[in-house]
Each structure stands twice: as structure tokens, then as C-alpha cells.
Amino acid sequence: MERPAPGSYEHDGDFQQLEGPYFGRYGGQWMPESLMAALQEVEETFRKAIKDPEFIAELNDLNTNYINRPSLLTEAPRFAQDHPGVRIFLKREDLNHTGSHKINNVIGQALLAKRMGKTRLIAETGAGQHGVATATAAALFGLECTVYMGEADTKRQALNVARMEMLGAEVKAVTIGARTLKDAINEALRDWVASVDTTHYLLGTVTGPAPFPEMVRYFHQVIGDEAREQSLEQTGKLPDAVIACVGGGSNAIGLFHGFLDDKNVQLYGMEAGGAGVETGKHAAPIALGRVGVLHGARTYLMQDEDGQTIDSHSISAGLDYPGVGPQHAFLHDTGRAIYQPVSDSEAMDAFKLLTRSEGIMPAIESSHALAGALRLAAKWVADGVVDETTPQDEQKVIIVNLSGRGDKDVSTAATWFGMVPEDHAEAGE
Amino acid sequence: MTESIRSLTAEKIEQARAEGRTAFIGYLPAGYPTIDDSIEAAVQLGNNGADIIEIGLPYSDPVMDGEVIQKATAEALQNGFRVADVFHIVKEVTSRTDAAVVIMTYWNLVDRMGVDEFSRRFAEAGGAGLVTPDLVPEEAGEWFEASDKYELDRIFLTAPSSPDERVKLTVDSSRGFVYAVSVMGITGARGEVSNAAERVVRRAHDAGAPRVCVGLGISEPHHVVEIGSYADGAIVGTALVSALRDNGPQAVGEITRNLVTGASKN
Ligand SMILES: Cc1ncc(COP(=O)(O)O)c(C=O)c1O
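Every chain's residues receive numbers from 1 upward, in the order its sequence appears when written. To label them, take the chains in the order written and letter them from A, then take the ligands in the order written and number them from 1. Thresholds applied to this predicted model are a pLDDT of at least 70 for local features of residues and 80 or more for the giving and counting of side-chain atom pairs; totals over whole chains, interfaces and linings are not thresholded and use all residues. Only hydrogens and water are set aside when side-chain values are computed; all heavy atoms of the structure are taken into account.

**Q** Talk me through the sheet that holds strand β6 (residues 144–150) of chain A; I want residue IDs and the actual numbers.
**A** Residue and element names in this part refer to chain A. For two strands to be treated as a pair, DSSP must find no fewer than two bridges joining them. Runs of H or I in DSSP of at least four residues are treated as helices and runs of E of at least two as strands, each being numbered from the N terminus. Here we have four strands laid out as an open sheet, ordered β7-β6-β5-β8, and parallel in their pairing. Two strands lie at the open edges of the sheet, namely β7 (170–174) and β8 (199–201), each paired on one side alone. If you compare each strand with its neighbour and ignore which way they point, the axes differ by 20° on average. Direction of pairing for strand β5 (residues 120–125) relative to β8: parallel, over a ladder of three bridges. Looking at β8, one finds that Leu-121 is bridged to His-200. We call two residues in contact when some of their heavy atoms are within 4.5 Å. Orientation is described by axes fitted as lines to C-alpha atoms, over the contacting stretch for helices, and by angles from 0 to 180 degrees between their N-to-C directions. Across the sheet, helix α4 (residues 129–141) touches β5 and β6, and the angle it forms with β5 is around 165°.

As C-alpha cells, then:
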């Protein structure tokens, strides 16, 4: 099946009401029978929990007193200064405990794991942020933890491997396949099939079989809900656009959700364009436009003519995944959200600009979203939509999801910018 | 099970039963180590006692496979195996053996070619049905249609973890036989057959399945004997793939002869 034309999908319902297992023709449960009972248990536990005031109170308490929510909405005027008439705000998920949005989902699912009586968490990780968050929750709740990580990623994110081990998790380097995130998911699924009695698979993004896309989204919706309220408070209106990077798409859907039914708020998802979509070395399945099934869901995939998964490429380990969450596939087809690739070099330029102009060092993943904001701002200025004379209440407002902080990426960035001597350079790759 | 359409795998299993044997089903990956050798190995399998041959399609993300099969299928892909090559393999094997030939495939490969086209070409090559480790009946709408149209068997899996209503769904959706997963885990040789296996088989029989075959972890003649006491067939994979890897197609014939000694009930 090839890509339908954007906007060709008929959808007259309420976008916010979308539940799994299907989002249009996407999603579902393309899974081994052995795991179907576990998925059913997770789903039942999830649906019961979110109607249980005790669960909600516990989740809210941890959000406030452990994760550090609400996260700030910070204006970045020096970052935006080349685009007069455009205001850029950052949703500061980098300030969450453990340094990224990933912890929102992890705390939610870890609470569910406890409710199910599971004693062990397993997770896949690319950048290491989801692994660190899962190891953190395991420490907090006294659970065992095993994190699968592609060997290539254990090298480029060595600092996060040490963090996970210090938190008491076992990190298993995956040496089969491309040795990145997709292979880590394969290994985690193989573990889960054999350990499902005691173990919860704490999937880190909005991919996978139902109920994961809907459940992971639920725990991240707080991002968009807060941002919406903060925008009204701080600018007196809703933003004109919200922008996030899209790996599997969890930080993006978390931000989008609050705005899905605000028709005048544009939604932008930035995929990892790697060396450029035309080179084949990228991680932009929506841009590539081939639909298939991977890891339990029907969605856009990087696959060849035979249906074999193509290895993805991105400077950012967290976006280096050949699929995308099924709800994003649906939002793309309906035209409700717009997805564009951002190349490694555009992302790194944005990384540097934010670091130098605001003193905030973003994760390289989030830098893709920042690059998208600069692109949109430049377009508005070029099209004459805004200029220096635009009064403040008519200025365009963009909210960027700053999904994580850049500490883990210092070595990759230093290598990219040629700031380390040659013989140390491989440390960052 | 849907019985109105002719089922090649059912015929083979019933024939074995009539001869006082447990049906023997052997798995080998397509294109491993090369297309020609994979054909030779499957022919050895068929001519040394296998009733049904299961040809595995190499896939980039085989989540239900252990290391031996992962490595073999990865090598087949590295050697340039293409999905459409499997039809040639099936055609050769069906013409050179009496065994029924099924394909074991992760679903995206079928989805990508188009379920109807894949089924048509497979049926034309003489294929009997598909074993689908990551397709549950809920997602199988297109496959129900195509398998009826081309008279192919639908071999769904049932597991130790499957609740009663899912066992029933799987049994009702299958044609030919039901694949009973012996253990919660992935493919790979194990010392003993899991003691969960008998219960998985019994539950599928109780739900109305006329034929239930057991796979995962079966590698020794005495495993086959044990399974023969309660199931309609034994499925061996990793042990055959290891033999092929270490000693080539001839070795597959030898180990098959050895394994089927366990399949005889008298
Ligand atoms: C900081 C950060 N942002 C974004 C992502 C991408 O994940 P998702 O698309 O699910 O938000 C990751 C993944 O590791 C991450 O660490």
C-alpha cells in the first residue's frame, strides 16, 4: 500500500476522542499470540486505573513532587531574534527529573506494573533517556530492571549506560541487526515472551501494539494540557503552531493532544532527515511514505520493496527508528498535522543557536523541533505574514517541545563541531 | 476449523495417523545458506520422512526466533534472498517430494507484496498454507479472504498463555492444523519438552481442533515420542537448521531419519 494523498482521509469526528486499537487504518495488534493475554491485561489495568481517583491522585502526586511538573514554558527571544514578529516558546521537558519527557510515561506505566503485581521492568532505549527513566522508576518502586540497547547506541550514549547501571539496571547491548533502537525492541519482545508472568514491558514511545500507542499518549498528554494553559496565561491566546520532533512520536503526541481540536493551531512533527531523505540515510518514514506492519502496529515504515526493514540513520539516537506511532500516520493522512524531515546539519545548527543564544543546551532530538520552528518562522517572515512592526498581540506564537536536555549529547556535539582533537573524536560516534 | 475446503496439511496428518505415526513437520529457512542448498535441504527433509515442510521466510525483524534461526535468516538476506524467490523454492520442493509445503512468515512480507498476490503465487507454486507467528485472527481479514479463494491452510498459533476464548478463536480460524506453542519463549533447541505443552494441546483439542501440532524446543527423537502421546504432529526447526549449518543438506536427511524414529507409534 502506498501513501494516500495528504488530506484525503475523511474524518469529521473529534480528534481528541481517538482511542486505539485503530487510528483510521493504522495501529492494531500485529503480535505473537503468546503476548495477546499480556496486552489484554495491560489494557484492562490501564482502563480501570484512569477511572480510579486513587490512581490519578498517585500519578498527580508523583508528577508534582517527583517529576517536577508542571514544566516551564520559557520564551526564547534571543533564539527568535532573526525572525521579527515571531515569538518562540519552549516547553521545558528538559527540566523534568532525569532530563526528558520520557519520565512522564515511565512513572505512569510503572504504577500500572505495580497494580498488575509485576516485579520486573524491561525496556528498549535508543538515546538512553527512556532507559534511564525506566531504571529510575525501577529504583523508586523497588523493581528489577533490564534495558535493551543497540550496541551502536551504547557507544554513542555511553554516559547514559553508566547512569542506568548506577541506578541498578542491567543493560544488555544488542549485537544483532543494525544494533540500534529497532533491534533493542526485538530483543525486549523476545524477553517479554519468556518472562511475561513477572515482567512488564515498559515500551518507551507511542508505537507498538494496542494499547501502547494510546496508553503512552495518555501519560504524555499533560505536556499539551499544560502548554495550552500556559500559552493562554503568558500570551493571552492559543499558539499559532506547536512543533515537536518525532521518533516514535511520544513527545509530539503529548504536545499535540491538547491542541488537536483547536483548528487554528497548526501541528508540526519533525522527522529525522539524517543526511537527507534523498540519500536514503534518514529516519523519516512518513516522508518515505510506505505503509506496513512493524512491532505490532500498521503504520509508515522504512522498508524495501520486499517489506524488509531498512536501517534508519540519524545523528540523534532517540530518533533513529524506522517506524512511527500509528496515530501520527493517521494525523498525517488526515492533514491535521504536518510532518517534515530535518537534516542532521539543520538540527545541529539549531542545537548550537539555542545553546549560545539562551544558555539552554537541548537534546539533539529536540534540536530537530527547534530547527522546524526556525524554518516556520523564516517562512512567515518571508511571506510577509509578520515583520518588525507587527504589534505584540498579533505576533505569531510557536511552542516548541524541548523534549530533553543535551548533557548526554555533549560528546556527539563536540565531535560534530570539531571541538575535540582527532584522536578523541571516535568517542562521540 | 473450516473443513469445507480441501486441506493438504490435514491430509498429510491424517495419512500419518492411519499409518500409526505422529506427523513430522520440519522447518528450514528459505535461501539458507543459498537458494539451491535450501532446496536440497528441504528435499532431504521431505524424502527422509517429513510429512509437512515448513519453509521460513527470512525477515529483518524476527521477534519469535532464537539465535540459530536469526543468524541463518540474516545470512540468507545478506546473500541476497528476495521474497519472490520462495515461490521457486516451493515449486521445486513440492515437485521433488511428497510432503505438503507451508511457508512460515512474519506478516509484513506478505502485506508488502499484497495478500492476494502472495497467496495466488504461492498456491500456483503448489503451496499448502501459511504459518503466521505474528498474525492473530483479529488482524487477518485479508488473509481469510485470500486463503479461501486460493484454498490455502491458515495455521494460527495457540500459546500456554492464551485464555479460553482466544483458544477457541484460534481453533475456529485455523484450517489444516493448529500450531501449539509448547513454551512461553522463542525458537531454539531445549533439553526437555516443556510440561506446558500437553495442556496447550488438550485445550486446543477440547476447543474442537481435529489436529494440533507442537512446536518450539523439540530437537530429539524422544521429544517426538513424548509429543506423539498427546498431539497430532511434532514440529522441529532449530535442530535441523543447526545440522544444515554444520554439515550441509545431506545432514538434514540424516537427522530427519533419526527424528522420525520417534514418530512411529509401534
Ligand atoms: C529527548 C528526546 N526527545 C525525543 C525522543 C524521541 O522519542 P519520541 O518521538 O517518542 O518522543 C527521545 C528518545 O529517546 C528523546 O530522548
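**Q** An account of the sheet that holds strand β2 (residues 26–30) of chain A is requested, with residue identities and associated values reported.
**A** Residue and element names in this part refer to chain A. Pairing is antiparallel in the open sheet, where four strands are placed in the order β1-β2-β13-β12. Each edge of the open sheet is held by one strand with a lone partner, namely β1 (22–23) and β12 (290–294). Note: β2 against strand β13 (residues 296–301), two bridges, orientation antiparallel. Bridging from a neighbouring strand, Gly-27 pairs with Arg-298 of β13.

**Q** Requested: an account of the domain arrangement of chain A, with residues and values cited.
**A** All names here are of chain A. The domain limits used here are those given by an automatic or database domain assignment. Under the domain assignment, chain A is made up of domain 1 (22–63 + 102–212) and domain 2 (68–99 + 220–428). Taken together, the contacts link 40 residues of domain 1 with 48 residues of domain 2. Note: buried area is the sum, over both parts, of the accessible area (probe 1.4 Å) each one loses when the two are combined. With both chains or domains summed, domain 1 and domain 2 bury close to 3300 Å², and 59% of this area falls on carbon and sulfur atoms. We define a salt bridge as a side-chain nitrogen of Lys or Arg found within 4 Å of a carboxyl oxygen belonging to Asp or Glu. Taken together, the connections running from domain 1 to domain 2 amount to zero salt bridges. When its residues are assigned to classes, the side of domain 1 that touches domain 2 shows 15 nonpolar, 18 polar and seven charged. Asp, Glu, Lys and Arg are counted as charged, while Ala, Val, Leu, Ile, Met, Phe, Trp, Tyr, Cys and Pro are counted as nonpolar; the rest, among them Gly, fall into the polar class.

**Q** So, the environment of Glu-14 of chain B: which residues are in play, and what are the values?
**A** Note on placement: Glu-14 of chain B falls in helix α1 (residues 8–18). Each residue is placed in one exposure class: buried if its accessible area under a 1.4 Å probe, protein chains only, is under 20% of its type's maximum, exposed if it is over 50%, and partly exposed if it falls in between. Here Glu-14 of chain B falls in the partly exposed class, since its relative accessible area comes to 29%.

**Q** Please provide a residue-by-residue account of the packing of aromatic side chains, values included.
**A** All names here are of chain A. Note on aromatic contacts: the rings of Phe and Tyr and the six-membered ring of Trp form a pair at centre separations within 6.5 Å, being stacked when their planes are under 30 degrees apart, edge-to-face when over 60 apart, and tilted otherwise. On inspection of all chains with the given rule, the structure shows 15 aromatic pairs over all chains. On the numbers, 6.4 Å between centres and 25° between planes, the contact of Phe-351 with Phe-417 is stacked. Of the two residues, Phe-351 is situated in helix α12 (residues 344–358) and Phe-417 in the segment after α14 (410–416); the sequence distance between them amounts to 66 residues. Through a chain of ring-to-ring contacts, the aromatic side chains of Phe-46, Phe-55, Tyr-218 and Phe-219 assemble into a single cluster. We count a charge as sitting over a ring when the NZ of a lysine or the CZ of an arginine lies within 6 Å of the ring centre and within 35 degrees of the ring normal. Here the basic side chain of Lys-352 rests over the ring of Phe-417, its NZ or CZ set 4.8 Å away from the ring centre. The ring of Trp-380 carries Lys-396 above its face, with NZ or CZ at 5.1 Å from the centroid.

**Q** Lay out the interface of chain A and chain B in plain terms, naming residues and giving numbers.
**A** Much of the literature gives interface size as the accessible area that the parts lose upon coming together. Taken together, the 37 residues of chain A in the interface contact 37 residues of chain B. Considering only the side of chain A, the residues that lose the most area to chain B are Glu-33, Arg-190 and Asp-306 of chain A, jointly responsible for 24% of the buried surface there. The tally of links from chain A across to chain B stands at five salt bridges. Taking the shortest distance from any N to any O, the salt bridge between Asp-306 of chain A and Arg-82 of chain B comes out at 2.9 Å. Every element with two or more residues in the side of chain A that touches chain B is listed here: β2, α1 (36–49), α7 (181–195), β12 and β13 of chain A. At seven residues, the largest contribution of residues to the side of chain A that touches chain B is made by α7 of chain A. Per-class residue counts for the side of chain A that touches chain B are 16 nonpolar, 11 polar and 10 charged.

**Q** Kindly report on the confidence of the model for chain A, identifying the contributing residues and their values.
**A** A score from 0 to 100, pLDDT tells how confident the predictor is in each residue. In the predicted model, chain A carries a mean pLDDT of 94, and the fraction of residues at 70 or more is 95%. Across residues 1–8 of chain A, where pLDDT falls below 50, the model places 26 contacts with residues more than four positions away in sequence or in other chains.

**Q** Lay out a negative patch on the surface with the relevant residues and their values.
**A** All names here are of chain B. In this analysis, a patch consists of residues with relative accessible area above 30% that form no salt bridge, clustered at 9 Å for like charges and at 5 Å for the nonpolar side chains Val, Leu, Ile, Met, Phe, Trp and Tyr. In these tables, accessible area is a Shrake-Rupley quantity obtained with a 1.4 Å probe, and a residue counts as shielded only by the protein chains included in the view. All tallies of charge rest on Lys and Arg as positive and Asp and Glu as negative; His and the ends of each chain are not included. Every charge is mapped to an atom, namely NZ of Lys, CZ of Arg, CG of Asp or CD of Glu. A cluster of like negative charges, contributed by Glu-192, Glu-198, Glu-220 and Glu-226, occupies part of the molecular surface. Within the secondary structure layout, Glu-198 lies in helix α9 (residues 197–206). Overall, the relative accessible area of 41% leaves Glu-198 in the partly exposed class.

**Q** So, the pairing of strand β3 (residues 100–104) of chain B: which residues are in play, and what are the values?
**A** Residue and element names in this part refer to chain B. Within β3, five of the five residues are buried, which leaves the element mostly enclosed by the surrounding structure. Going residue by residue along β3, you find Ala-100, Val-102 and Met-104 tucked away on one face and Val-101 and Ile-103 tucked away on the opposite face as well. Across five bridges, strand β2 (residues 52–56) lies against β3 in parallel orientation. Paired with Ile-55 across the two strands is Ile-103, which belongs to β3. Pairing of β3 with strand β4 (residues 129–131) involves three bridges; the strand directions are parallel.

**Q** I'd like a rundown of the site of the ligand, residues and numbers included.
**A** Residues and elements named next belong to chain A. We call a residue near a molecule or strand when any one of its heavy atoms sits within 4 Å of it. Neighbouring the ligand are 18 residues, the closest being Thr-205, Gly-247, Gly-249, Ser-250 and Ser-403. Between the ligand and Gly-248, the relevant distance is 3.2 Å, taken from an oxygen atom to a main-chain nitrogen or oxygen of the residue. Polar contact criterion, stated in full: a pair of N or O atoms within 3.5 Å, where within protein one must be able to donate a hydrogen and the other to accept it, and residues adjacent in sequence count only if both atoms are side-chain atoms. With respect to the ligand, the backbone of Gly-249 contributes an N or O atom lying 2.7 Å from an oxygen atom. About the coverage of the ligand: the protein hides 98% of its 390 Å² of free accessible area. Secondary-structure elements contributing two or more residues to the shell around the ligand are β9 (241–246) and α9 (250–257).

**Q** Give a detailed account of the environment of Gly-325 of chain A, specifying residues and quantitative values.
**A** Examined against the element boundaries, Gly-325 of chain A turns out to sit in the loop between β13 and α11 (326–334). In sequence terms Gly-325 of chain A and Thr-134 of chain A are 191 residues apart; their C-alpha atoms lie 20 Å from each other.

**Q** Can you explain the packing of helix α2 (residues 35–47) of chain B against helix α11 (residues 238–260) of chain B? Please cite residues and give values.
**A** All names here are of chain B. Where α2 contacts α11, the axes come no closer than 7 Å and their chain directions differ by 35°. Here α2 and α11 pass one another in a crossing that is left-handed. Where α2 abuts α11, its residues Asp-37, Glu-40, Ala-41, Gln-44 and Leu-45 lie against Leu-240, Leu-244, Pro-249, Gln-250, Val-252, Gly-253 and Thr-256. A per-class count over the contact of α2 with α11 returns six nonpolar, four polar and two charged. Each crossing gets its handedness from the near helix: less than a right angle anticlockwise from the far helix is left-handed, clockwise is right-handed.

**Q** Can you break down the packing of α4 of chain A against helix α6 (residues 158–166) of chain A residue by residue, with the values?
**A** All names here are of chain A. Contact geometry for α4 and α6: axes closest at 9 Å, N-to-C directions at 10°. Considered as vectors, α4 and α6 are oriented roughly parallel to each other. Mapping the contact onto sequence places Gln-129, Gly-131, Val-132 and Ala-135 in α4 and Asn-160, Arg-163 and Met-164 in α6. The residue makeup of the contact of α4 with α6, split by class, is three nonpolar, three polar and one charged. Oblique is the label for any angle not covered by the other classes, which are roughly parallel (under 35 degrees), roughly antiparallel (over 145) and roughly perpendicular (65 to 115).

**Q** Can you explain the side chain of Glu-93 of chain A? Please cite residues and give values.
**A** All names here are of chain A. Note on placement: Glu-93 falls in the loop between β4 (86–92) and α3 (102–115). Engagement of the side chain of Glu-93 in a polar contact is seen with the side chain of Arg-69, the distance being 2.7 Å. For Glu-93, the residues in contact, after removing those within four places along its chain, are Arg-69, Ser-71, Gly-99, Ser-100, His-101, Asn-104, Ile-223, Asn-401, Leu-402 and Ser-403.

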